[in-house]
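Analysis of the macromolecular model
Letter by letter, the chains look like this.
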Amino acid sequence: MSKIRNIQTLLKGIEFELIKGDLNQLVSDVQIDSRQLTADSAFIAIKGTQMDAHKFIPKAIELGAKTIILEDEPSDLIDGVSYIQVNNTSQVAGLIASNFYDNPSDNIKVIAITGTNGKTTVVTLLQNLFIKLGYNTGALTTIENKINNEVIPTKLTTPDPVTLQRLLAEMVKKNCSYCFMEASSHAIVQGRLSGINLTGAIFSNISHDHLDYHGTMKEYINAKKRLFDTLPKNAFALVNVDDKRGPVMLQNCKGKHVTFGLHTMANYKGKLIDNTFEGIQMDINGQEAWFQLIGSFNAYNILTAYATAICLDEEPMETLQCLSELRPARGRFEQLVSKKNVRGIIDYAHTPDALENVLETIKDIKEDGENIITVVGCGGDRDKSKRPVMAKTAAMLSEKVILTSDNPRTEDPEVILEEMMDGISPTQERRTQVILDRKEAILKAVEMAEPRDIILLAGKGHETYQEIDGVRHHFDDKEELFKAFHS
């Protein structure tokens, strides 16, 4: 896809401290993963939180890399290899990759959304909406990366900066007008969006998450705010003003300030009129419409997608019509109904706020006498402080709770469950069970359920694996619930 570049092309607009070697050295590829290197590649040695890629430089050269971008001044120089020393490799990797791929974001409108909850749903809504509106589009989400209808699997909410530029270049090649992407707080801090010329940035909300990485809520909020601090004047900044941090995102933001909300005066004002298991009816800026997504939290997602489309100069009535035809993203309030009329809901809710939103929505819709049975766990090697809060939230808003494994990763799953149980009060213990095996937990929930009861499987949503001892095994909540319903 790409032409051969020379080092001078790669370094356009980049400050460097030292260059040793030939500036006319030809570069056939750019990589931050030494395992992907081929002859004449450029290798960017990034100092990550867990690993310093400088130690892979000898291997990179052995594999054919002729250009090395690094932070530490090289001690051993190899003939025929060019060395470029910069202050921070992670912050320039995207710029270098953008130069290599002909600055693709200059030729496609990129809109990034950040926030704790709703990112995947909004990006999915926007891509599907703009396809209905007649555009070629790309999407980068937790579930998958897509270029038009081509699906590219992903492991990160936001790809590494080189992969991101490569995907954008591929979207340009396939005549995509728009790319809608999630921007995680990790990705923003790590500079994965460097080199991208954003057309717009969206803020959904902030709640308790990722404190294992950021340390404090203040740092977590500041990480999100960076996306808006760097917006150019010709971009739009669309924020949820029902979240008190929405106006904070706009402080010192040079882009065009645009707001949305359900409870606060805003440029785009929504009102939830009716909420059922089949969908919701809303008023948006004085116009009523019916949508196939469920719950007040999805009212925000729909309003966000609508406001974004209007910011991008789409026609309001056509936008509402297309939005009303869209279905939820996979693993987001996905529903199954059993032969004995038990309703199962699969949702990715893996933060206290997201879990509360889903359970409150179910409580608002359900009728008297219908019980909620929540099956939930917490991931290993992640923020431990939310574990008792997740359990407490489930117990407060459900008639019965089963605590089980999520993705324990390298942690002992029994320890995770013990920490979750710290959030369960003595009176709640009588209606709380602990079942380590997630499949058994789902079977038990189905066994306990009476007709018209509602089972919520929370935390894994779209995921088709369970990570135990660092190994991923096939596991799909929807698949297991379907089998349990039909056994």
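Scope of this entry: the structure provided in the associated data block. (Residues numbered from 1 in each chain as written. Predicted model: local features only at pLDDT ≥ 70, side-chain atom pairs only at ≥ 80, totals over all residues. Heavy atoms only, no water.)

Moving on, we get to a negative patch on the surface. A contiguous patch of negative charge, built from D412, E414, E418, D422 and D469, is present on the exposed surface. Along the chain, D412 turns up in the loop between β22 (400-403) and α14 (413-421). (Patch = residues over 30% accessible without salt bridge, like charges linked within 9 Å, V, L, I, M, F, W, Y side chains within 5 Å. Areas by Shrake-Rupley, 256 points an atom, 1.4 Å probe, with all protein chains shown as cover. Salt bridge = Lys/Arg side-chain N within 4 Å of Asp/Glu carboxyl O. Lys, Arg positive; Asp, Glu negative; His and termini not counted. Charge placed at Lys NZ, Arg CZ, Asp CG, Glu CD. Helix = DSSP H or I, 4+ residues; strand = E, 2+ residues; numbered from the N terminus.)

A general tendency of soluble globular proteins is for nonpolar side chains to be buried together. If you look at the biggest cluster of nonpolar residues, it comprises 40 residues, and the most contacted ones within it are L129, F130, M282, F291 and L323. It is helix α10 (residues 296-311) that contributes the most residues to this core, 10 residues altogether. With 33 residues, the next largest nonpolar core counts V110, L167, I221 and A235 among its residues. (Core = buried A, V, L, I, M, F, W, Y, C linked by side-chain atoms within 4.5 Å. Buried < 20%, exposed > 50% of the residue type's maximum accessible area, 1.4 Å probe, protein only.)

As for its position among the elements, A395 is in helix α13 (residues 387-397). Since its relative accessible area comes to 0%, A395 is described here as buried. When the C-alpha atoms of A395 and I84 are compared, they prove to be 56 Å apart, with 311 residues separating the residues in sequence. If sequence neighbours within four positions are ignored, A395 has contacts with V401, I424, Q428 and R431. (Contact = heavy atoms within 4.5 Å.)

Within the structure shown, the criterion is met by 20 salt bridges. For E150, the salt bridge goes to K174, with nearest N and O atoms at 2.5 Å. Here E150, found in strand β11 (residues 150-152), pairs with K174, found in the loop between α5 (161-173) and β12 (178-182); they are 24 residues apart in sequence, far enough to count as distant. What you see here is one network of salt bridges that share partners, running through E150, E170 and K174.

Before going further, it helps to spend a moment on helix α16 (residues 438-448). Looking only at α16, the buried set comprises R438, A441, I442, A445, V446 and M448. Across the axial projection of α16, the buried residues extend over an arc of 165°, all falling on one side. Buried residues in α16 make contact with β21 (372-376), β22, β23 (432-434), β24 (454-458), β25 (465-468) and α17 (477-485). Its side-chain oxygen placed 3.0 Å from the backbone nitrogen of K439, D437 serves as the N-cap of α16. (Arc of directions from axis to C-beta. Polar contact = N/O pair within 3.5 Å; in protein donor to acceptor, adjacent residues only side chain to side chain.)

The general pattern is negative phi for most residues beyond glycine and trans for most peptide bonds. In this structure, N175 is a non-glycine residue whose phi angle is positive, near 60°. Within the fold, N175 resides in the loop between α5 and β12. Non-glycine residue N341 carries a positive phi angle of around 65°. The residue N341 is located in the loop between β19 (334-337) and β20 (343-347) in this model.

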